[in-house]
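A structural walkthrough
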Amino acid sequence: MLFDLDRVYRGWAPPPDLKVSEWAAEFRRLSPEGSAEVGRWRNERTPYVVEIMDCVNDPTIERIVLKTSAQIGKTEFANNVVGYYAHQDPCSMLMVQPTESMAKSWVGERANPMFRDCPCFEGMLTEDNLMHKAFPGGFLAVGYAKSAASLASRPIRVLLLDEVDRYDLKVKDEGDPVNQAITRTKTFHNKKIIAVSTPKLKGSSRIDALYSETDQRIYLVLCPKCGDHSPLKWEDIKFDPGSPKDSAVWVCPKCTKEIEHRHKREMLRAGRWEAQQPFNGFAGFHINELYSPWVTWGEVAASYLSAKRTDETLQTWHNLSMGESYEPKTERVDSSTLSGLKEGYTSRLLPKGVLWLVAGVDTQADRFEVDVWGYGLGEELWHIETEIILGDPKNKSTQDSLDKYLLNKWPVDGYGDLELGAAFVDSGGNRTKSVYDYVRGKAGRKIFAIKGASSEDPFDRNVEVLKQGYSKKYRCSLVIVHVSKLKYQIYSQFKKAISVCNNDSLDSGGAGYVHFSSASDSEFFQSLSSEKLSRKTVNGRHRYFWEKEYERNERLDNVVYARAAFMQFKPDLKKIEQMREERVNKVVNSPEKKKKTATRSKRKNWATSF
């Protein structure tokens, strides 16, 4: 048998004395699937990542925590770590993603392209499965937080935890998935635990908790005016709200001089990390989007102005742009205050701003309760009317009565009749089969059964707002609705409308405003505002849930179902308005209309000539 002595010697030789940043500069190639800048990795492009990467090579550092915004390079940092160990120091590695779909996406869009496009990996993989890559001396396993088996199956020397704030609190009664994964590294004296995430909610953020245990480093940039170092903070960004992209500047907190964005590249290159706490073996890094070479300060300012419209979008901005956790306000709406939005219109003649009608249907054991809502431009919202259809929903006569009602048409001021665009019917309770029997075959009219998602947390990113589903038991399509999240959106819209109504300097109406008809009574408003968002502590972390304050909550449920239907079908309201105007103008300018108008005018003149 012939032996390849060179290969044997290479196997026993110690790894080259390269740091991760040096390896990336020499061997890493960025792939088109994951980067807008394809080609060789350049450390000078993101100089703040260099120290983070090189902490991997520091034997005194066991844990690296990166609390960050989006668009900052955190994913490529993790990829460089994987590539370095696979090529330079083979060992057992585990990458943990929040969900199975995210794990598969990371493999397909990040890992596979890296192994394909970096020449150093050519012919190196001895096993190349979807969730497992093997190479001489080690392997890369890919798991996800919802799977206990993928977290506990083998000892791991290098653990990478991606987007930890999106992990579930518990994995099949086996405890916190972060702690469960960290347990896999106990047998290694040279282990590395790397946790990366954009933060989510204050009090429940894992990345906040992990970062608080580190030396908490922040990146200081060099001011080109005074030569001193300071962090880039949002409060130091000044701009004209009328033209944020062109006017945004950074005001140095040391010399108070305004610095234009064009200086940022040099400021970053001359920057340095500075620890805020004593070193204890855990290195922590916090950085926000203001440092990103791909985003200007003006673009960050513009995104803030767009996000500040609602609490939900503002939370997303704080998380993804500032890399900070957000503390939401506990939501509640006072029914008497909400009734201040009541106006004089009725369902007999709808305001001309109403462009699309949608219904939410609540199912009870002895009745259907229907609420019709109208949408206009900018999601301006009108409550049209409430209808209660008595009778057991399992009876065909009751279903026929509901169907007859949903076929109604409502007249719009200056236009004509408007029919229902869509309806979502609640399939919960003990009349599930009856609801599926009713909606079956009505997809053409956009009438669907809905089912509430299991999550009661409106901030749960792991649950989609709307998801198309199918009931195998009843052989019927349905839509799964994140009810809790939609309630939060609706309450935010209510509160915004109330603030506009109470501000004498602002005109009522317009995008996001909410209108209520003259038929709305105190019972209606109590039911519409029947719940409040409360907070409880589970395993030391905050969880949010909706708590009833008034027993009858059908109006609130129905506006949730109506909003879900609107979001599901996304009608083009601008196009609808344009078509309506064209139709009205066509009628007004038709020859028959002109002839009748001329005749009336002639008779009037004849009568007044005597």
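None of these values were measured; they are calculated from a predicted model.

Taken as a whole and assessed by the stated rule, the structure comprises 27 aromatic pairs. An aromatic cluster of three or more residues is present, and its members are Trp 373, Tyr 491, Phe 494, Phe 516, Phe 524, Phe 525 and Trp 546. Stacked on the ring of Tyr 438, the Lys or Arg Lys 442 has its end atom at 4.3 Å from the ring centre. Cation over ring: Arg 580 sits above Tyr 415, and NZ or CZ is 4.4 Å from the ring centre.

In this section: the packing of helix H4 (residues 74–88) against helix H5 (residues 100–117). Put simply, H4 and H5 touch, their axes get as near as 11 Å, and they point 45° apart. Judged by the inter-axis angle, H4 sits oblique to H5. In the packing of H4 onto H5, the handedness of the crossing is right-handed. Where H4 abuts H5, its residues Thr 75, Glu 76, Asn 79, Val 82, Gly 83 and Ala 86 lie against Trp 106, Arg 110, Met 114 and Phe 115.

In this section: the confidence of the model for the protein chain. Averaged over the protein chain, the pLDDT score is 89; the fraction of residues at 70 or greater is 91%. Below pLDDT 50 for its whole length, residues 597–610 participates in 0 contacts with residues either more than four positions away or in separate chains.

What follows is about the sheet that holds strand S14 (residues 258–259). Strand order in this open sheet of 3 strands is S12-S13-S14, and the pairing throughout is antiparallel. Two strands bound the open sheet, and with one partner strand each, they are strand S12 (237–238) and S14. Bridge count for strand S13 (residues 249–251) against S14 is 2 bridges, and the pairing is antiparallel. Counterpart to Trp 250 in the pairing with S14 is Ile 259.

For the rest of this paragraph, the subject is the pairing of strand S18 (residues 367–375). Burial of S18 is extensive: 9 of the 9 residues sit out of reach of the surface. Side chains Arg 367, Glu 369, Asp 371, Trp 373 and Tyr 375 of S18 all project onto a buried face; the interleaved residues Phe 368, Val 370, Val 372 and Gly 374 project onto the opposite face, where all are buried too. Of the pairings in the sheet, the one linking strand S17 (residues 356–364) to S18 comprises 9 bridges and is antiparallel in character. Its bridge partner being in S18, Gly 360 is matched across the sheet by Asp 371. Pairing of S18 with strand S19 (residues 381–390) involves 9 bridges; the strand directions are antiparallel. Bridge assignment links Val 370 to a residue of S19, and that residue is Glu 387. Counting the residues between successive antiparallel strands, the hairpin from S18 to S19 contains 5 residues, one of them, Gly 378, with a positive phi of roughly 70°.

On to the pattern of salt bridges. Inspection of every chain in the model, using the stated rule, returns 35 salt bridges. Here Arg 555 and Asp 371 are joined by a salt bridge, their closest N and O atoms 2.6 Å apart. Taken together, the positions of Arg 555 in helix H18 (residues 554–569) and Asp 371 in strand S18 put the pair 184 residues apart, joining distant regions of the chain. Residue Arg 555 is classed as buried on the basis of its relative accessible area of 7%. The buried category is assigned to Asp 371, whose relative accessible area is 0%. When the shortest N-O distance is used, the salt bridge between Glu 379 and Arg 563 registers 2.9 Å. Highlighted residues: Glu 379 in the loop between S18 and S19 and Arg 563 in helix H18, separated in sequence by 184 residues. Several salt bridges converge on common partners, so that one network encompasses Asp 366, Arg 367, Glu 369, Asp 371, Arg 552, Glu 554 and Arg 555.

The topology assignment puts Ala 103 in helix H5. Residue Ala 103 is classed as buried on the basis of its relative accessible area, which comes to 0%. Residues Ala 103 and Asp 162, spaced 59 residues apart in sequence, show a C-alpha to C-alpha distance of 9.6 Å. Discounting residues that sit within four places of it in the chain, Ala 103 has contacts with Gln 97, Met 131, Val 142, Gly 143 and Tyr 144.

Moving on, we come to the nonpolar core. In terms of nonpolar packing, the biggest core is built from 71 residues, with Phe 77 and Trp 250 touching the most fellow members. Looking at this core element by element, the count peaks at 7 residues for H4. Counting 46 residues, the second-largest nonpolar core is a separate cluster that includes Ala 422, Val 514, Leu 528 and Ala 562.

Here we take up the side chain of Asp 236. Its place among the elements puts Asp 236 in the loop between strand S11 (229–231) and S12. Although Asp 236 is buried, it makes no salt bridge; Lys 238 carries the closest opposite charge, 5.9 Å away. In this view, Asp 236 contacts Pro 231, Val 249, Trp 250, Val 251 and Pro 253; residues no more than four positions away in its chain are not counted.

So, how was this worked out
- Residues numbered from 1 in each chain as written.
- Predicted model: local features only at pLDDT ≥ 70, side-chain atom pairs only at ≥ 80, totals over all residues.
- Heavy atoms only, no water.
- Phe/Tyr/Trp six-rings, centres within 6.5 Å; stacked < 30°, edge-to-face > 60°.
- Lys NZ or Arg CZ within 6 Å of the ring centre and 35° of its normal.
- Axes fitted to C-alpha atoms, helices over the stretch in contact; angles between N-to-C directions.
- Helix = DSSP H or I, 4+ residues; strand = E, 2+ residues; numbered from the N terminus.
- Parallel < 35°, antiparallel > 145°, perpendicular 65-115°, else oblique.
- Left-handed = near helix turned anticlockwise from the far one by under 90°.
- Contact = heavy atoms within 4.5 Å.
- pLDDT = per-residue confidence, 0-100.
- Pairing = 2+ DSSP bridges.
- Buried < 20%, exposed > 50% of the residue type's maximum accessible area, 1.4 Å probe, protein only.
- Salt bridge = Lys/Arg side-chain N within 4 Å of Asp/Glu carboxyl O.
- Core = buried A, V, L, I, M, F, W, Y, C linked by side-chain atoms within 4.5 Å.
- Lys, Arg positive; Asp, Glu negative; His and termini not counted.

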